[in-house]
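Structural description and commentary
Spelled out from the first residue to the last, the chains are:
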Amino acid sequence: MNPYILATLLFGLGLGTTITFASSHWLFAWMGLEINTLAIIPLMAQSHHPRAVEATTKYFLAQATAAAMLLFASISNAWLSGQWDIHQMSHPLPTTLITLALALKIGLAPLHTWMPEVLQGLDLTTGLILSTWQKLAPFCLLLQVQPANATLLLMLGITSTLVGGWGGLNQTQLRKILAYSSIAHLGWMILVLQFSPSLTFLTLLVYFIMTFSLFISFKISNATNINTLATSWAKAPALTSIIPLILLSLGGLPPLTGFLPKWLILQELTKQDLAPLATVAALSALLSLFFYLRLSYAMTLTMTPNNLTATLPWRLPSLQTTLPLAIASSATICLLPLAPATAALFTW
């Protein structure tokens, strides 16, 4: 892609998100979301592969439906209450509709079905943008919609954690596994959204760091399915030893960074007398942990059943910069000792 066009599209992505961040009026927020969507669509379809075009079309239809629902709900709110302010949602009908529209935008279950299919059709770099940056603007609006429907948020959250764990069990394609992982993590964030918005922000931040590490690792090792992972030890031995730690951090195992948000969320849910919900969320994390362990096992403890001349690629020096990966993977693995300071910052 022409660098000038690429710069324009990336500027559009940043501008759309910034407009949504800065807006207190529903029309401006909707406009920011639309700029965001229109900026990423050419990035998704740039390879001109039929699979990428199909994924782009599915993404556009899902986002257009969510945007139309959001606009309808905000107009309904203006009609019922006479104001467009995001912070003063008084009627339950537009509040519920807006929550569902934003859930469709970020891919919360049961409105998640577009997410694995779209991510599977994209390259890893665009998939990274879709899994991280594109979540920021809708999450910003979800944090501002108060008072939200508490039961709806809890139902969306627990359904997402279960679907995200259950859906990834029988997948062999890494991008679909990452999509279900994203759905499960978003469910954890939504569970605690109304009780502790700062804890939701912390979970989102940690999720971004871990997902960035994993996407960049797969991009460097050029892996798209589990079979490719089994031969990655020949290409990048050091990276092969780090990726299982990143995966286990995503699964939430101590003493890795991913344990921190899950631990604080379970603690907060227990404080709110929601111990049964916390138990179901913790059990759903085991489902996710299973497919992370499956990937780790495929990488480190198995060899492909082919003759070595066919499977061993040459260990050529990588031309890609690895400094961002080094920083992100260090943060993914080593930040748990900062838990007291983090808790003091984010759980006031």
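Sequence positions are assigned chain by chain, starting from 1 and proceeding in written order. Given that this is a predicted model, residues contribute local features only at a pLDDT of at least 70 and side-chain atom pairs are listed and counted only at 80 or more, while totals for whole chains, interfaces and linings are drawn from all residues. By convention in this description, side-chain values take in all heavy atoms of the structure and omit both hydrogens and water.

Looking at an unreviewed UniProt entry, one finds the chain named NADH-ubiquinone oxidoreductase chain 2, with Cyprinodon riverendi as its source organism. The UniProt entry for the chain carries this comment under Sequence similarities (unreviewed entry): "Belongs to the complex I subunit 2 family." UniProt positions are given in the numbering used here, feature names are shortened, and annotations may be inferred rather than shown by experiment. Per its UniProt entry, the chain bears the Catalytic activity (unreviewed entry) comment "a ubiquinone + NADH + 5 H(+)(in) = a ubiquinol + NAD(+) + 4 H(+)(out)".

Each Phe, Tyr or Trp ring (for Trp, its six-membered ring) is paired with any other whose centre lies within 6.5 Å, and the angle between the two planes then decides the class: stacked below 30 degrees, edge-to-face above 60, tilted in between. Counting across every chain of the model gives 4 aromatic pairs. With a centroid separation of 5.6 Å and 65° between ring planes, the pair formed by Tyr59 and Trp114 is classed as edge-to-face. Residue Tyr59 is found in helix α3 (residues 50-81), and its partner Trp114 is found in helix α5 (residues 114-120); the two are separated by 55 residues along the sequence. The buried category is assigned to Tyr59, whose relative accessible area is 2%. Using a relative accessible area of 8% as the deciding quantity, one classes Trp114 as buried. To qualify as a helix, a DSSP run of H or I must reach at least 4 residues; to qualify as a strand, a run of E must reach at least 2; elements of each kind are numbered from the N terminus. Type-normalised accessible area, obtained with a 1.4 Å probe on protein chains alone, sets the label of each residue: buried when under 20%, exposed when over 50%, and partly exposed for intermediate values.

Turning our attention to the environment of Thr126. On the secondary structure map, Thr126 appears in helix α6 (residues 124-131). The exposure class assigned to Thr126 is buried, which follows from its relative accessible area of 3%. Note: C-alpha distance between Thr126 and Ile41 (85 residues apart in sequence) is 9.9 Å. Contacts are residue-level and defined by heavy atoms, with any inter-residue pair within 4.5 Å sufficient. Contacts of Thr126, omitting those with residues within four sequence positions, involve Leu43, Met44 and Gln46.

Mapped onto this structure's residue numbering, the UniProt feature "domain: NADH:quinone oxidoreductase/Mrp antiporter transmembrane" (unreviewed entry) falls at residues 23-287. Measuring from the first to the last C-alpha atom of residues 23-287 gives 38 Å, for a span that is 77% helix and 0% strand.

Next up on the list: the pattern of salt bridges. Whenever Lys or Arg places a side-chain nitrogen within 4 Å of a carboxyl oxygen from Asp or Glu, that contact is recorded as a salt bridge. Counted under the stated rule, the structure contains 5 salt bridges. One salt bridge connects Arg51 with Glu117, and the closest N-O pair in it is separated by 3.8 Å. In this pair, Arg51 is assigned in helix α3 and Glu117 in helix α5, connecting sequence segments 66 residues apart. With a relative accessible area of 26%, Arg51 lands in the partly exposed category. Put simply, Lys58 and Glu117 hold a salt bridge, and the shortest N to O gap is 3.7 Å. Pair noted here: Lys58 is in helix α3 and Glu117 is in helix α5, with a separation of 59 residues, a long-range link. Given a relative accessible area of 31%, Lys58 falls into the partly exposed group. Through salt bridges with shared partners, a single network forms among Arg51, Glu54, Lys58, Glu117 and Lys176.

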